Amino acid sequence: MSRLQKWFWGLALVPPLSVFAVWGIWDNAKLFFITLLNGLTLASLYFIVASGFTLVFGLMRNVNLAHGSLYLLGGYVGYIVAEKTGLFVLALAAGFLVAALVGLLMQVAIFRFMQGEDLRQTMVTIGLSIVIADLLLWGIGAQVHQMSAPGWLAGPLRDIPLITAYSKYRMALLPLGIIIGVLLWLFLNRTRVGMMIRAGVDDRGMLAATGVNVNLVFAATFAIGAGLAGFGGVIGAVELSMVPGEDVRLLLASLIVVIVGGMGSVVGAALGAVILGVAETYGLAYAPTYSVVFTFVILVMVLAFRPRGILGQAA
Amino acid sequence: MSAAEWRNAMNAGSGRLAMGKVLVLPPQEKTESWTRKNPIRARHVLVLGFLLAFPMYATPFLTYQIGAQSLALGLIALSLTFLGGYGGMVSLAQMTVAGVAGYMLAVFGASGEAALSLGWSWWIAVPIAIVIATLVGTAIGWLSVRTEGIYTIMITLAVGVAFYYLCLQNYSVLNGFQGFQRVYAPTVLGINLREPVPFYFLVLACALGGYFLAKYILRAPFGIAMQGIRDNPRRMNALGFHVMAHRVAAYAVAGLIAAVGGVLFTWYNGLVTPGSVGTSWLINILVIAVLGGMRHPIGPFIGAIVFVLLQTFAIDLIDRERFNLVIGGVFLAIVLFSPDGLLGLWAALKSRFPSGSKFLTPRGGIR
């Protein structure tokens, strides 16, 4: 981005947003900051789910449109495990593992045989998402499931300046998202497998030529990506709720996050998640009937001026 | 398409070439007449005769539920085949375009919601609905042609789902969750188009119109250029074609087809709700197009017939609630084992028993 463009965007975005912020704080400071926190915690969930999506996409050019279904699957599994054992951490682990296992199965049983056929792989994930969604509806039913937060995170956090109280669980999501982001960054940048994944993103053929078993790397990445969706599902089962249709919502969120942030980039996913989460909650708080329009305007603006996303690079 | 045909087509379109002056074109063979390239075969007469005679011996239920519904759905799916099979752009937002047409029809025309509908007569409301929906389709195209392949799927899906949420959340214009009920076909020249048989013939006329429009455009220089862009955009760009403009124009044509289909489908249902533009319907249109095969404009209609038959009858065999499982499974099987859909299966059968005729010309489709 040239310097002129930076100035242009700075002038186009900063004054209106700061005017809105000043007006919002002056009008109702409590609402403003609670909305900000809600937005950031929602962004944390979006980031966890979308980072898996972007990881798989970046390495395999596989747009996994069944990602939302894996999210819902993880959520249900977490719900059942938490109900049986009462341990939230165990539920998180179970959600991650089951979704990762299903993802691994998908990669090993199906996608391995259609390497390089992007469009066909995407079609298959659409078919899978229909089937998984219907199986879940069959097995679990259409009623709303809401998981309660674990005991040590239940209830509100009191005596915060300005907003007086805020849900402990939602507050905890903020550091959780950051921790997962940092871990993912460390994994991708500081470990051997991460190095292979990054090399695969840049040049699949060359990675194979250096003697790395690419199929194994692919399978591992797919498992981690799917697992992150399941992990997000367990978190979302408490923060939002689980009902058929949530899969589509999170799929849409993941899509927009990676389109806005740039596909295949974990940092881009974080940026996109913050933009989407904050825009969505402010939209819902200040202009309820048109909140989705904000999301859409952001999408259009990014596509019109940065077709590969804010941090995206040429594929 | 064979190399010779391709050259012919390129030469026919050479008026568009910016470097036409530099290129010295070889003397062209005379283009064959349309009827010689496209002889009317027995199967064409048979299909047309069957379609025309269908309401005579079928019950009103079959005429309306099966005949009219599959033709209307086929028309919407045709717009996707046109884009996906021949333009290489798989757009999931075609049902959104159809839904916009339906919503505009309800907003400008008459519906059960007298407070929100303007109640204009059909001959104003229908053209307005079609024009607006075509413009929306073009705008979606303008947005998504910046991307390619799988990116297009992602962006059109995002646009489609965003429109669904807009319909769900907006009560001031689009009536939110309720949508618009009782959006009925009008009575024209004393013929009540709500009756099964007149409605069937209306849909049949539109479907035939859409089919032949698609066939005509695909043989016109524009259509050939579009297929060239599908196969190799960079080369077409180097030849002086404006790739983006061709793609947006393709979206506009597809938008028109989808808009007409959307008006018909709304009349068929008698209502338009957020559910009619929800994800399941966005994907159903893709399922129909892929099921039939994206290599020929007849594919979406075949796919629609199979889809509607499955929807109507197959669920009697298993649990009524499990339709999605059946259709998802069938879709998966088709994508996994016959990427060119039922037409691909037919072609595979034909190549086993060669008879000399060439059925499928274009390459491409879903790969």
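Note on numbering: residues in each chain are counted from 1, in written sequence order. Whichever chain is written first becomes A and whichever ligand is written first becomes 1, with later ones labelled in order. Reporting in this predicted model follows two pLDDT cut-offs: at least 70 for local features of residues, and 80 or more for side-chain atom pairs to be given and counted; totals over whole chains, interfaces and linings ignore these cut-offs and use all residues. Note that water and hydrogens are dropped before the side-chain values are worked out from all heavy atoms of the structure.

Enquirer: Before we go on, may I ask you to explain the pattern of salt bridges in this structure?
Expert: Note on pairing: side chains with opposite charge can pair once their charged atoms come close. Each reported salt bridge corresponds to a side-chain nitrogen of Lys or Arg within 4 Å of a carboxyl oxygen of Asp or Glu. For the coordinates displayed, the defined rule picks out three salt bridges over all chains. Taking the shortest distance from any N to any O, the salt bridge between Glu246(A) and Arg249(A) comes out at 3.9 Å. Residue Glu246(A) and its partner Arg249(A) are located together in helix α9 (residues 246-261), separated by three residues, close to a single helical turn. Exposure remark for Arg249(A): the relative accessible area of 24% places this residue in the partly exposed category. A salt bridge links Arg230(B) to Asp231(B), with the shortest nitrogen-to-oxygen separation between them at 3.0 Å. The rule is simple: take the accessible area with a 1.4 Å probe, protein chains only, and divide by the maximum for that residue type; under 20% is buried, over 50% is exposed, in between is partly exposed. The exposure class assigned to Arg230(B) is buried, which follows from its relative accessible area of 16%. Linked by salt bridges that have partners in common, Glu246(A), Arg249(A) and Glu280(A) make up one network. Here a strand is any run of E in DSSP of at least two residues, a helix any run of H or I of at least four, and the numbering for each starts at the N terminus.

Enquirer: I would appreciate a short explanation of the interface of chain A and chain B in the present structure.
Expert: Accessible area lost on assembly of the parts is the figure often given for the size of an interface. Note on contacts: a residue pair is in contact if any heavy atoms of the two residues lie within 4.5 Å. Taken together, the contact between chain A and chain B spans 46 residues of the former and 40 residues of the latter. Together chain A and chain B conceal approximately 3800 Å² of surface at their shared face, both sides included; 79% is due to carbon and sulfur atoms. It is Leu119(A), Arg120(A) and Met123(A) that lose the most area in chain A upon contact with chain B, and together they represent 17% of the buried surface on that side. Viewed at the interface, chain B and chain A are joined by zero salt bridges. Distance and chemistry together define a polar contact, namely a pair of N or O atoms within 3.5 Å, with one atom able to donate a hydrogen and the other to accept it when in protein, and with adjacent residues in sequence counting only for side-chain atoms on both sides. In this assembly, chain A and chain B are joined by three residue pairs in polar contact (both at pLDDT 80 or more). For the side of chain A that touches chain B, the elements supplying multiple residues, two or more each, are α1 (3-60), α4 (118-140), α9 and α11 (291-305) of chain A. Once two parts are put together, the accessible area they lose, assessed with a 1.4 Å probe and summed over both, is termed the buried area.

Enquirer: What is the right way to look at the packing of helix α5 (residues 94-108) of chain B against helix α7 (residues 150-169) of chain B in this model?
Expert: Helix-helix packing is described using two parameters, namely the angle between the two axes and the distance between the axes. Residue and element names in this part refer to chain B. To obtain each axis, a line is fitted to C-alpha atoms, and for helices this fit is confined to the stretch in contact; angles are then taken between N-to-C directions over 0 to 180 degrees. Running from amino to carboxyl end, α5 crosses α7 at an angle of 25°, the nearest separation of the two axes being 10 Å. Accordingly, the angle class assigned to the pair α5 and α7 is roughly parallel. On the side of α5, the interface is formed by Thr96, Val100 and Tyr103, while α7 contributes Gly160, Phe163 and Cys167. Residues that form the contact of α5 with α7 fall into these classes: four nonpolar, two polar and no charged. Here roughly perpendicular refers to angles of 65 to 115 degrees, roughly parallel to angles under 35, roughly antiparallel to angles over 145, and oblique to all remaining angles. Here the nonpolar group is Ala, Val, Leu, Ile, Met, Phe, Trp, Tyr, Cys and Pro; Asp, Glu, Lys and Arg are the charged ones; every other residue, Gly included, is treated as polar.

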